[in-house]
Amino acid sequence: MDTTTTTAPATGDHTTTTPATADDSAAAPATGNDTTTAHATGDHTATTRATGDDSAAAPATGDDTTTTVTWEELVSSALLGTDRRPPVGLPGAPAARDVPGALLGAAALHTVRRRAGLRPGPAAPLPEPAPEDPRAPLPEAARRRLDQLLAGRAAPSPAGRRGAAPDLAELLPQWLALANRHGYKASPATLPALLDAARARTDLRPQALRLAGPRGLWLARLNPEWRFALRGAGAGGGLPSPRDREAVRALWDEGLFAERVALLAAVRTDDPAAGLALLASTWPTERAEDRLMFLDSLRAGLSDADEEFLEEALGDRSRNVRATAAELLSALPTSALAGRMAGRAATCVGLDRTAATPTIAVEAPHECDAAMQRDGLVATPPAGRGERSWWLGQLVEAAPLPSWPARFGGRGPEEIVALPVADDWQSELHAAWCRAAVRQRDPAWSRALLGSPAVPPATGPGTSSLAERAQLLSTLPVEERARWVASFVGAHGLSEAFQLLGVCAVPWAEPLGAAVIDALDIAREAGSYPWSFSGVMGLAERCLAPEAARQLESLTARPDEAEDSSPGAGDYWAEAFQRLVSTLRLRATMHAELTPASEATP
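These numbers were taken from a predicted model, which means no experiment stands behind them.

Thresholds applied
Residues numbered from 1 in each chain as written. Predicted model: local features only at pLDDT ≥ 70, side-chain atom pairs only at ≥ 80, totals over all residues. Heavy atoms only, no water. Helix = DSSP H or I, 4+ residues; strand = E, 2+ residues; numbered from the N terminus. Buried < 20%, exposed > 50% of the residue type's maximum accessible area, 1.4 Å probe, protein only. Areas by Shrake-Rupley, 256 points an atom, 1.4 Å probe, with all protein chains shown as cover. Axes fitted to C-alpha atoms, helices over the stretch in contact; angles between N-to-C directions. Parallel < 35°, antiparallel > 145°, perpendicular 65-115°, else oblique. Left-handed = near helix turned anticlockwise from the far one by under 90°. Contact = heavy atoms within 4.5 Å. Nonpolar A, V, L, I, M, F, W, Y, C, P; charged D, E, K, R; others polar. Core = buried A, V, L, I, M, F, W, Y, C linked by side-chain atoms within 4.5 Å. Phe/Tyr/Trp six-rings, centres within 6.5 Å; stacked < 30°, edge-to-face > 60°. Lys NZ or Arg CZ within 6 Å of the ring centre and 35° of its normal. Polar contact = N/O pair within 3.5 Å; in protein donor to acceptor, adjacent residues only side chain to side chain. Disulfide = S-S within 2.5 Å. Salt bridge = Lys/Arg side-chain N within 4 Å of Asp/Glu carboxyl O. pLDDT = per-residue confidence, 0-100. Patch = residues over 30% accessible without salt bridge, like charges linked within 9 Å, V, L, I, M, F, W, Y side chains within 5 Å.

Here we look at the overall build of the chain
Within the chain one finds 26 helices and 8 strands. Within the chain, the proportion of its 602 residues that are buried is 43%. For the chain, the exposed surface amounts to about 30,400 Å²; the carbon and sulfur share of it is 54%.

A look at the packing of helix α10 (residues 288–296) against helix α12 (residues 319–330)
Put simply, α10 and α12 touch, their axes get as near as 9 Å, and they point 10 degrees apart. With respect to α12, the axis of α10 lies roughly parallel. Here α10 and α12 pass one another in a crossing that is left-handed. Residues Ala-288, Arg-291, Leu-292, Leu-295 and Asp-296 of α10 pack against Asn-320, Val-321, Thr-324, Ala-325 and Leu-328 of α12. Across the contact of α10 with α12, the residue classes tally to 6 nonpolar, 2 polar and 2 charged.

Considering the packing of helix α5 (residues 191–200) against helix α6 (residues 205–220)
At a closest axis distance of 9 Å, the pairing of α5 and α6 adopts a crossing angle of 125 degrees. One way to sum up the angle between α5 and α6 is to call them oblique. Between α5 and α6 the crossing geometry is left-handed. Between α5 and α6, the contacting residues are Leu-191, Pro-192, Leu-194, Leu-195, Ala-198 and Arg-199 on the first element and Arg-205, Ala-208, Leu-209, Leu-211, Ala-212, Arg-215, Gly-216, Leu-219 and Ala-220 on the second. Considered class by class, the residues forming the contact of α5 with α6 number 11 nonpolar, 1 polar and 3 charged.

Some remarks on the nonpolar core
Residues Trp-404, Trp-433, Leu-501 and Trp-508 are the most contacted members of the largest nonpolar core, which totals 105 residues. Setting aside its immediate chain neighbours within four residues, Trp-404 contacts Ala-345, Val-349, Val-396, Ala-399, Ile-416, Trp-433 and Trp-445. Core analysis: the second largest hydrophobic core is formed by 34 residues, Leu-150, Ala-198, Leu-219 and Ala-220 among them.

Overview of the packing of aromatic side chains
Overall, the coordinates contain 10 aromatic pairs when judged by the stated rule. Between Trp-404 and Trp-433 the ring centres are 5.7 Å apart and the planes differ by 75 degrees, which places this aromatic pair in the edge-to-face class. Pair noted here: Trp-404 is in helix α16 (residues 404–407) and Trp-433 is in helix α18 (residues 426–439), with a separation of 29 residues, a long-range link. In this pair, the class of Trp-404 matches that of Trp-433, namely buried. Taken together, the ring pairs in this structure connect Trp-404, Phe-408, Trp-433 and Trp-445 into an aromatic cluster. Over the ring of Trp-71 we find Arg-114, and its NZ or CZ is 4.5 Å from the ring centre. In this structure, Arg-205 is placed above the aromatic ring of Phe-228, and the distance from its NZ or CZ to the ring centre is 4.3 Å.

Quick look at the side chain of Ser-297
Inspection of the secondary structure assignment puts Ser-297 in the loop between α10 and α11 (307–313). Contacts of Ser-297, omitting those with residues within four sequence positions, involve Leu-264 and Arg-268.

Describing helix α19 (residues 443–450)
Each α-helix turn comprises 3.6 residues. Residues three or four places apart therefore point the same way. Buried within α19 we find Trp-445, Ser-446, Ala-448, Leu-449 and Leu-450. The inward-facing, buried residues of α19 contact α16, α17 (413–418), α18, α20 (466–473) and α21 (478–492). Two or three places before Ala-444, at the start of α19, stands the capping residue Asp-442, its side-chain oxygen 3.1 Å from that residue's backbone nitrogen. Remark: Gly-451 follows α19 within two positions and exhibits a positive phi of approximately 75 degrees.

Some points on the state of the cysteines
In this structure the tally under the stated criterion is 0 disulfides. No disulfide involves Cys-504; its nearest neighbouring cysteine sulfur is the one of Cys-543, lying 8.6 Å away.

Quick word on the environment of Ala-523
Relative to the helices and strands, Ala-523 resides in helix α23 (residues 512–525). For Ala-523, a relative accessible area of 8% puts it in the buried group. In sequence terms Ala-523 and Trp-573 are 50 residues apart; their C-alpha atoms lie 9.5 Å from each other. Other than its neighbours up to four places away in sequence, Ala-523 contacts Ser-528, Phe-533 and Trp-573.

Brief notes about the pattern of salt bridges
Counted under the stated rule, the structure contains 33 salt bridges. Among the salt bridges present, the one from Glu-140 reaches Arg-143, with a minimum N-O distance of 2.6 Å. Placement of the pair is Glu-140 and Arg-143 together in helix α3 (residues 140–154), with a separation of 3 residues, close to one helical turn. With a relative accessible area of 42%, Glu-140 lands in the partly exposed category. Judged by its relative accessible area of 25%, Arg-143 falls in the partly exposed class. Where Asp-147 meets Arg-143, a salt bridge forms, and the shortest distance between an N and an O atom there is 3.0 Å.

Here we look at unusual backbone geometry
Glycine aside, residues mostly have negative phi angles, and peptide bonds mostly take the trans form. A cis geometry characterises the amide bond from Val-506 onward to Pro-507, with omega recorded as -5 degrees. With respect to the helices and strands, Pro-507 occurs in the loop between α22 (498–502) and α23. Here the amide bond leading from Glu-510 into Pro-511 is cis, since omega sits at 15 degrees, within 30 degrees of zero. Summarising the element assignment, Pro-511 is placed in the loop between α22 and α23. For Asp-423, which is not glycine, the phi dihedral falls at a positive 60 degrees. One non-glycine residue, Asp-424, lies in positive phi territory at about 60 degrees. By the element assignment, Asp-424 lies in the loop between α17 and α18. On the basis of relative accessible area, Asp-424 is assigned to the exposed category, the value being 75%.

A few points about the confidence of the model for the chain
Put simply, the chain has an average pLDDT of 83, and 84% of its residues get 70 or more. Summarising per-element confidence for the chain, the mean pLDDT is lowest in strand β3 (residues 35–38) (36) and highest in strand β6 (residues 184–185) (96). Under a pLDDT of 50 for its full length, residues 1–65 has, in the predicted model, 118 contacts with residues more than four places off or in other chains.

Focus on a nonpolar patch on the surface
A cluster of nonpolar residues, Val-75, Leu-79 and Leu-80, forms a patch on the protein surface that exposes about 270 Å² of accessible area. Along the polypeptide, Leu-80 turns up in helix α1 (residues 71–80). Residue Leu-80 is classed as partly exposed on the basis of its relative accessible area of 37%.

Set out below in C-alpha cells:
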C-alpha cells in the first residue's frame, strides 16, 4: 500500500503529521505538482506536501496559488473594511464583491492551521480528594426540596402582585436551620448552588456553610468567588474532638480562619478555660481583624476567669478590640473594670437630697481622661451630640446594674426607673440603662424599663424607641416575651409591633400567634388595603406555627366589601391569606420531610 504523509508545521516546535493511504483524499484538491506550500508571517506558517496521486490537506486554486496574506493583514482589513483596505494575497484574486467572503475563508484557514499545530499544555495537578463527611445524607424528599428552594432563590422576583404562592427564598433560612438541627449534610451536587446562595446572602452563610461542611470548604478553595467561606465561622464540619489536644493544636496552628473560629467555639463550649488558653497561645501574632473575631468568641461561657486576659486586651493596638474587651468586662459585675465604671457613674448619678420628693440628680463628667479611654470610653462624640452627655451615656452603660440599688437607698429597678430625673436628663439616663440591661442581659431591669405593654410607648417608663424595646425584650424568657408582645398587639394593633415581633422565638408561642391573627382579621374588616401590613404578613408566613393554617382557612375567602372600604381590598386580603395558608402548609411539609423516621409521630 502506498502511503502519503501530510505535514503541517505551525508555530515553534508544533508539528502535526497525518498518515494517509493511497486511496485517501485530502480536505481540498491540489493541481499541478503535488506540493503546496502556504507561508504566513509572524507565528502562522503552514506547509503541506503530498506524494503520488494524493491530495494535499491545504486548499489550492486551479492555478496552483495559495494565500500568502498574514493574520495581521486579515485582522486589519476586517477592522477597517475590505473597501478601505483590500487584503493582498488572497487566493484566486476574487472579484470585489467576493472579497469579504474570501477574507473570512483565509481567516478560517489560518485558524485551522494554528489549532492543528498546537500541542496540549502540561496537565495541571489534580486537587486533593474531597474529605469525608460522616454526617447523614438528606432524605430524598428533603434533597429535592432544597433544590427547589435554591432554584426559587435564583428566580427573578415576580412583577406586580405576588399571588398566593409561597416565597421560597424567604423559607430557605428556616429550612437550613432545621436541616442542621437534625445533623444532615448537603449532597455533593447541591454544593455549588448552596455556596452561590451563601455568597449572595450573608444571612445564609452560617447555616449554609454548616450544611456544606468540610466538602463545602474543599470546594470553596477551588473557586475565587467562594473565598468568603474560607473566612466565615459557619463551616465547622470535620472538627476534631475538643479533648483531642494534639489534633486541636494542629488545626489551630495550620487550619483556615473559618476552621479556627469554629474550633475555638467548640473548645470554648466544652471547656472555657481550655478555649481561653488556646486563644492566648497565639494572641500576640494574630491579625487585628482576627483578634476581634476570636475575642467575640469568648461571649460563650464568659466568666471571671476571663478577666485577666480581657484586661490585657484593653491595651490592644486595635480600637475595636479594646472596645470589645471593655464590653465583655462590663458584662462581668465583679470585674475590676465594672468596679471602676461603677465608681465613676456614682459620682455622676445619685439622689438629690435637697429635693422635696426623691429625685435623681445628674452631673455629667467634665472630661474623658486617658484612664477612661483605656476602659473603653470613646472621647469624640458623633456629630450633633454633646461631649458630656456622650461620656455620661457610656459610663452609665458600662456600670454594673446591681450597683444602683445601693446608690438609691435600696430601691429596686422598677422604683428607680419610676423616679423623676432633674434637668431633663431622663431620656439620656434611661437610654443608657436600656443599653446596660441589654449588654448585661438583666431581665429585671429590662422589665422595669419596658413597663406595661398596655401603656403607649411615648409615655412608658423607660424608652419610647421600639428598636430599644425590642432589644430589651430579647433578654426576657421566650414565653414571657411572647405574652408581653401579645398584650402589646392587643392594646395597640400591628402598626407599631413589627420590630417587637421580630425578636420573638419561632414559631410564635401562644397567645402571640392568636393575637396576630386577630389583629390581621380586624385590619381586614376595616376595609383598607393589606399593603401597610405586608411586613407583618411576611413575618407571619415565617413565624406562625404551621398548625395555625386551620384557624386561617376561613379568612382565605373573599369578604363582602362595605361601602366605605377601598375598592378591591377584599380580593387583596383573600390573596394575602391564601399565600399565608399555603406557606404554613409548605413549612409543615418541610418539617415532615426533614424529620427522621425514628422521630416521626405515627
